[in-house]
Amino acid sequence: MSRRSFTLQELCREVGKNHVYLGQIQAALDLHKPEPPRKYSRRYVDFLIKCTSLRTFGVSLGDIQDLFRKEVKLLRLLHHHTHSRSPTWYLDQCHLDAKDPNRLLLTGYDLGFDILHGPIQSGLDFGSTEPELFDSHQMGENLDHVVDLYRKQLLKVRRRVEEERPIIRRSITWSNRAFPS
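Presented here is an overview of the structure given in this document. These numbers come from a predicted model, not from an experiment.

## Things to note about the packing of aromatic side chains
- Summed over all chains, the structure comprises 5 aromatic pairs.
- Here the aromatic rings of Trp 89 and Tyr 90 are separated by 5.7 Å at their centres, their planes lie at 80°, and the arrangement is edge-to-face. For the residue pair Trp 89 and Tyr 90, the accessibility class agrees, reading buried in each case.
- On the basis of an interplanar angle of 90° and a centroid distance of 5.7 Å, the ring pair of Trp 174 and Phe 179 is categorised as edge-to-face.
- Ring-pair connections join several aromatic residues into one group, and the members of that group are Phe 47, Phe 68, Trp 89 and Tyr 90.
- Of note, Lys 17 hangs over the ring of Tyr 21, and the distance from its end group to the ring centre comes to 4.8 Å.

Given below as structure tokens:
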């Protein structure tokens, strides 16, 4: 059975990075940090594993930050934030094993359409929220526009990973020869 909650030390061990490295990611993405005795969820751990994996592939923290902000913006436009009072509501769907074209890369939320190729279902609304003074489209927020920006950033990140994958494979092969277990 997989663990459901982790201390900071356990989080670091699970992700394979020290608290300084993870703290930089948390700060850059403005992630909630639970105060002890509160612990990190499995979803939080999986999210940080995705981020550190992207960093390993040479994706800049700025590009991860940009992608994450666009995901959160999409989730807010679709009112996902109204489903939970959790300070980490945006990580509630994050897991490592999902390869689904409808899911956002980092947060793992299913938008109900193929993010890269499908048409946007503009009527999507996953929750209710208090009425704002202005509609989101009046404030320059448009689901189609944000999805388009997200797609561009996602493709940029994907290209970087695809460029680095053969180099990382070659590096692993070399390291196994140079430093046999």
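## Here we look at the nonpolar core
- Of all hydrophobic cores here, the largest spans 44 residues; its most connected members are Phe 47 and Leu 48.
- Secondary-structure elements contributing two or more residues to this core are helix 1 (8-15), helix 2 (19-28), helix 3 (42-56), helix 4 (61-77) and helix 5 (143-178).
- Ranked by residues supplied to this core, first place goes to helix 5 with 8 residues.
- In contact with Leu 48, other than residues within four places in its own chain, are Leu 11, Val 15, Leu 22, Ile 25 and Leu 31.

## Quick word on the pattern of salt bridges
- This model, assessed by the stated rule, comprises 7 salt bridges.
- Between Asp 63 and Lys 156 there is a salt bridge, with the nearest N and O atoms lying 3.0 Å from each other. One end of the pair, Asp 63, is in helix 4; the other, Lys 156, is in helix 5, and 93 residues separate them in sequence.
- Take Lys 156: its relative accessible area is 37%, and that puts it in the partly exposed class.

## Section: helix 5
- The end-to-end C-alpha distance of helix 5 is 50 Å, a good match for the 52 Å that 36 residues give at a rise of 1.5 Å each.
- At Arg 165, helix 5 is bent by approximately 35°, the largest bend along its length, and proline Pro 166 sits one to four residues beyond.
- Among the residues of helix 5, Leu 143, Val 146, Val 147, Tyr 150, Arg 151, Gln 153, Leu 154, Val 157, Val 161, Glu 164 and Ile 168 are the ones counted as buried.
- Turning to helix 5, the residues buried within the fold contact helix 3 and helix 4.
- N-capping of helix 5 is provided by Asn 142, with a side-chain oxygen placed 2.8 Å from the backbone N of Asp 144.

Basis of the calculations
- Residues numbered from 1 in each chain as written.
- Predicted model: local features only at pLDDT ≥ 70, side-chain atom pairs only at ≥ 80, totals over all residues.
- Heavy atoms only, no water.
- Phe/Tyr/Trp six-rings, centres within 6.5 Å; stacked < 30°, edge-to-face > 60°.
- Buried < 20%, exposed > 50% of the residue type's maximum accessible area, 1.4 Å probe, protein only.
- Lys NZ or Arg CZ within 6 Å of the ring centre and 35° of its normal.
- Core = buried A, V, L, I, M, F, W, Y, C linked by side-chain atoms within 4.5 Å.
- Helix = DSSP H or I, 4+ residues; strand = E, 2+ residues; numbered from the N terminus.
- Contact = heavy atoms within 4.5 Å.
- Salt bridge = Lys/Arg side-chain N within 4 Å of Asp/Glu carboxyl O.
- Expected span 1.5 Å × (residues − 1).
- Bend = angle between axes of the 7 residues up to and from the residue.
- Polar contact = N/O pair within 3.5 Å; in protein donor to acceptor, adjacent residues only side chain to side chain.

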